[in-house]
Amino acid sequence: MPGFLGHLFNGVAHGVSVLAGVTLVALVVLVVAEIIARSVFNTSLAVVEECVGYFVVLLMVLGAAMALRKNDLFRVSFIADVLPPALERASRAVYIFIALAVCCVFVWRTADLVASSFSRGKISQTAMETPLWIPQLALPIGFCVLAVFLIEHLLLVLRSSDTGGK
Amino acid sequence: MEVILAFGLLIGLILGGFWVQFSVSTAGLFYIWLLNGFSGWKALGLVSWGAANSFTLAAIPLFVFMAEILLGSGLSARLYNGVAPFFRWLPGGLLHTNIAGCGIFAAISGGSAPTAAAMSTVALPELSERGYNRRIVAGSLAAGGTLGILIPPSITMIIYATFTETSIAHLFAAGLVPGILLALAYMGFIMLRVWRNPSLVPVERTVSSPGELRRAACDILPFLLLIVVVLGSIYGGLATPTEAGAIGVVGALMIATLYRRMSKNMITEAISRTLRMSGNILFIVFTSMIFAYATALSGVGDHLAHWLEASGYSKFVFLLMIMVVFTILGCFMEGLGMIAIIVPVIFPALMAMGVDPVWFGVFVVILVELGQLTPPLGVILFVVASSSNKVTVEDVALGVAPFFGIIFLFILLLIAVPEIALWFPSWSLGG
Amino acid sequence: TDWTAYTYSSVSTTAAVKGMTRIAEKVSEQTGNDLNIKLHLGKTLQIASSDITQATGDGIVDFAADYFFSGSVPIARVLNLPLLIENDAEWTKAYAAMEPILKEAFAKQGVVYLGGYRYPSQVFFTTFDMKSLADLKGHKIRVTSPEQGHFVEAFGGAPITLSGSEVPTSLERGVIDGVLTASAGGAKNWHEFLPYNYRFPVNYGNSVIIANADSYDDLPEKDRQVLSDVVSAEGPAITTAFNEDEIVQMNKQRDAGMKIVEVDQSELPEARRKMAAYWEEWAADKGPEYVKALKIVREAIGK
Ligand code: NA
Ligand code: NA
């Protein structure tokens, strides 16, 4: 996608892949550090089980967003493949709208969760006593990113129908 | 009623070509709305958090990362060059390495998704390249991947044990022999299939010279080293099955360095592929759990289980009915959710019939395996499909269909000869 | 009225789940089917055990038993401090003293505190021969709270945090050397990997029985009364059932070959002294309400 919007989407995508990449590396480093601490120094970092859970949440939403942008999300396409092109494009636009609606519901409900955890002062039951709204923020933010990439898909579909399919 | 509407919508959306994850979440939201109205969606926040915030799910990105490093460094290609000469004489050739490889990964990881993800990432591109029929490659990987929960360690068995207070050690021991037998049955089937239709596999070159075999053996060495390190780390008490994935990543990095294949480009490419693949898989697991929440809330599983319990069938018919119930639920529920809903309800009736709880655990685990392979919601189908963009979910589903039949026959065999599962634990652990 | 209920426990045969089932049945019977409670067992709904109080407060479930509430009501952890409360008599006094504080803290979460029950003492189950605290030295023990971790560390052990689903494999392979739990609790599942049991009582764990405040307020007065009465009767009954099961399980585990060593009484005073400083330090570190709560508990049990 050309122009300002194109830069915007590329920028978001770049940020997402950097953040997700750092999370993946941190996951490996943290788990290896715990194994070494336990087997060599006979101690535990005491935070790894908790952090790993948070990293998985982040990897899920960011990884899903990256897969969506590359159009890697699973699809069963044998019926869609034989539809007339116009109908196929129309169905894609409808699907993107539904997916956007689903994302909005998730953003709304998970943002509510963040608010609930924040107002309750909910903490993790570990040595870190993490205020849980902080890691939980990964969910609404992640679904927002998914929504952004859905909008990009939508613009691409609309543009391709403007130019008669290509 | 609600369940039929929700399931109908799910199938309709998936067949209509909607992204699977969004099909599942749309159907899940619809299902919750049918049950409790819009206020039912209040639960989505905590349910999402509960489903995604999981230590054991970390095995998926870790094992995928390990496999991507092996793939990116070219070590997996080297491995296949290495093993190919040894499998030349066997009808099916390298297809057997899929099953054997899955068996080895199954002994490392506690779940099926990490097992299938790791093996498919390495095997699917390589074997398609060599001209193997991609459906039978994908099918054998999906079938082999499910061995992950049958061959110990197994998170599924641990969950079953918590619900039923069954011995975990006995369950682990009981899964081993059926796991190996099932793997052999897969291999037997591959041989039969290829013998009937040789065009499924490429024609390999003729006899290998001793020198070629020696060089080939050297190519296998790095991989053997990795297996020794990872298996050693969990059997030597250094790491848990989930953590073993991280050891695998470090091992793969070390081997890549040792063979001078490390580069910044290779690593960033591996990371980026790992993120997309594991994001895709974690997202489908996540949405399945949202759907499972709705199913649990509706009580449909309870109803099925209670109906089964009250039916008064004989032991054999009862077990067959359990197979039917698991197969139906398995089409649209994730495995642990099925165990949570069905097992506690029917367990007392089974005990009254004199069914061995350890044997039943193995039976349930194989049924869960089956559920991971049944469309529309079969996690392993998606895992295998995600490892290559040349293979679709449909390819995997069609490729795995005959293996599905083998698993079914194997379950019947297990009912007829329970000693298949029970002999080894009683021999090794007593009682 | 139909209520959705949830419990962290997934085993239908434990005293905890049996008790919750009894509560549901009795309430529906005594309210003439006015209030029907449908109980969902742990892991059937995808709500984490540590989120049950929040789920109840947010109205996702109406009624619940929660063992992992300390992230929502951290002040309750005073009751779980190592060696502060060592026997039934002390527990009863301490709990009575803490109850008003708990009620208020749960009310702030939008939750009505109705009652609770207690598990038997958390004791050591190990893969190495353990006869005294000195044997902890150099051994890796899985703990479930930072306070337990402090205790293990104070006696030379290494506290390890580990996901519950990985405990059996970790014990089998030697990733950890032991756990802190009760015979009628975790040991029920893991006993075959744990040949030794040293019954040093480190601390108690307890569950609360709670309801969503709005759902509770919407009930007619008479149903509320029934609910309170049933829970007040069944809570202690669950505790009793757990105490009985503890003996049954202990004997079962002994018959299966577990070597069980009773606590060496002479070790208790020294351990108590060592921990007393920690209680104060812990409370001071957390804030004035904790200091106050600790003072109330210590006065109640005269310690
Ligand atoms: Na396994
Ligand atoms: Na399925």
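Refer to the structure presented above.
Computed from a prediction, not measured in an experiment: that's the story for all the values here. (Residues numbered from 1 in each chain as written. Chains lettered and ligands numbered in written order. Predicted model: local features only at pLDDT ≥ 70, side-chain atom pairs only at ≥ 80, totals over all residues. Heavy atoms only, no water.)

Caption draft 1: Representation of the packing of aromatic side chains in the model. Counted according to the given criterion, the structure contains 44 aromatic pairs over all chains. Their ring planes at 50° and their centres at 6.0 Å tell us that Trp423 of chain B and Phe424 of chain B sit as a pair that is tilted. Summarising the aromatic geometry, the rings of Tyr67 of chain C and Phe68 of chain C are spaced 5.0 Å apart at their centres and angled 80° between planes, so their arrangement reads as edge-to-face. Taking relative accessible area as the criterion, Tyr67 of chain C reaches 22% and is therefore assigned partly exposed. Residue Phe68 of chain C is classed as partly exposed on the basis of its relative accessible area, which comes to 30%. By the ring-pair criterion, three or more aromatic residues cluster together here, those being Tyr95, Phe106 and Phe143 of chain A together with Phe18, Trp19, Phe22, Phe283 and Phe286 of chain B. Cation over ring: Arg118 of chain C sits above Tyr204 of chain C, and NZ or CZ is 4.2 Å from the ring centre. In this arrangement the basic side chain of Lys274 of chain C is found over the ring face of Phe155 of chain C, its NZ or CZ atom lying 4.4 Å from the centre. (Phe/Tyr/Trp six-rings, centres within 6.5 Å; stacked < 30°, edge-to-face > 60°. Buried < 20%, exposed > 50% of the residue type's maximum accessible area, 1.4 Å probe, protein only. Lys NZ or Arg CZ within 6 Å of the ring centre and 35° of its normal.)

Caption draft 2: A look at the environment of Leu57 of chain B. Of note, Leu57 of chain B is situated in the loop between helix 3 (44-52) and helix 4 (59-72). In sequence terms Leu57 of chain B and Ala113 of chain B are 56 residues apart; their C-alpha atoms lie 9.3 Å from each other. Leu57 of chain B has contacts with Val56 of chain A together with Ala51, Ala52, Leu282 and Val285 of chain B, leaving out every residue within four places of it along the chain. (Helix = DSSP H or I, 4+ residues; strand = E, 2+ residues; numbered from the N terminus. Contact = heavy atoms within 4.5 Å.)

Caption draft 3: Structural context of the sheet that holds strand 8 (residues 178-181) of chain C. Residue and element names in this part refer to chain C. The sheet built from 6 strands is open, its strands ordered 7-6-8-5-9-11 with mixed pairing. This sheet does not close on itself; its edge strands, each paired only once, are strand 7 (158-160) and strand 11 (259-262). The average undirected angle you get between the axes of adjacent strands in this sheet is 30°. The sheet contact formed by strand 5 (residues 122-126) and strand 9 (residues 196-203) spans 4 bridges and is antiparallel. Looking across to strand 9, one finds that Phe124 is bridged to Tyr198. (Pairing = 2+ DSSP bridges. Axes fitted to C-alpha atoms, helices over the stretch in contact; angles between N-to-C directions.)

Caption draft 4: Geometry of the coordination of the sodium ion (ligand 2). Residues and elements named next belong to chain B. For the sodium ion (ligand 2), the protein coordination sphere consists of Gly330 (O), Gly371 (O), Thr374 (O), Thr374 (OG1) and Leu377 (O), at 2.0 to 2.8 Å. Mapped onto the polypeptide sequence, the residues donating to the sodium ion (ligand 2) form the spacing pattern G-x40-G-x2-T-x2-L. Remark: Thr374 occurs in the loop between helix 17 (357-373) and helix 18 (379-386) and Gly330 occurs in helix 15 (residues 315-330); sequence separation between them is 44 residues. Its relative accessible area of 0% is what places Gly330 among the buried residues. (Donors = N, O, S within 2.8 Å, 3.2 Å for Na, K, Ca; no water.)

Caption draft 5: Quick peek at the pattern of salt bridges. Following the criterion strictly, the structure yields 31 salt bridges over all chains and no others. As a salt-bridge pair, Asp34 of chain C and Lys222 of chain C come within 3.1 Å of each other at their nearest N and O atoms. You can see Asp34 of chain C sitting in the loop between helix 1 (15-30) and strand 2 (36-40) and its partner Lys222 of chain C sitting in helix 8 (residues 221-255), a full 188 residues away along the chain. In this structure, Glu221 of chain C engages Arg224 of chain C in a salt bridge whose closest nitrogen and oxygen atoms are separated by 3.9 Å. Pair noted here: Glu221 of chain C and Arg224 of chain C are both in helix 8, with a separation of 3 residues, about one helical turn. Taken together, the shared-partner salt bridges connect Glu129 of chain A together with Arg77, Glu147 and Lys286 of chain C into one network. (Salt bridge = Lys/Arg side-chain N within 4 Å of Asp/Glu carboxyl O.)

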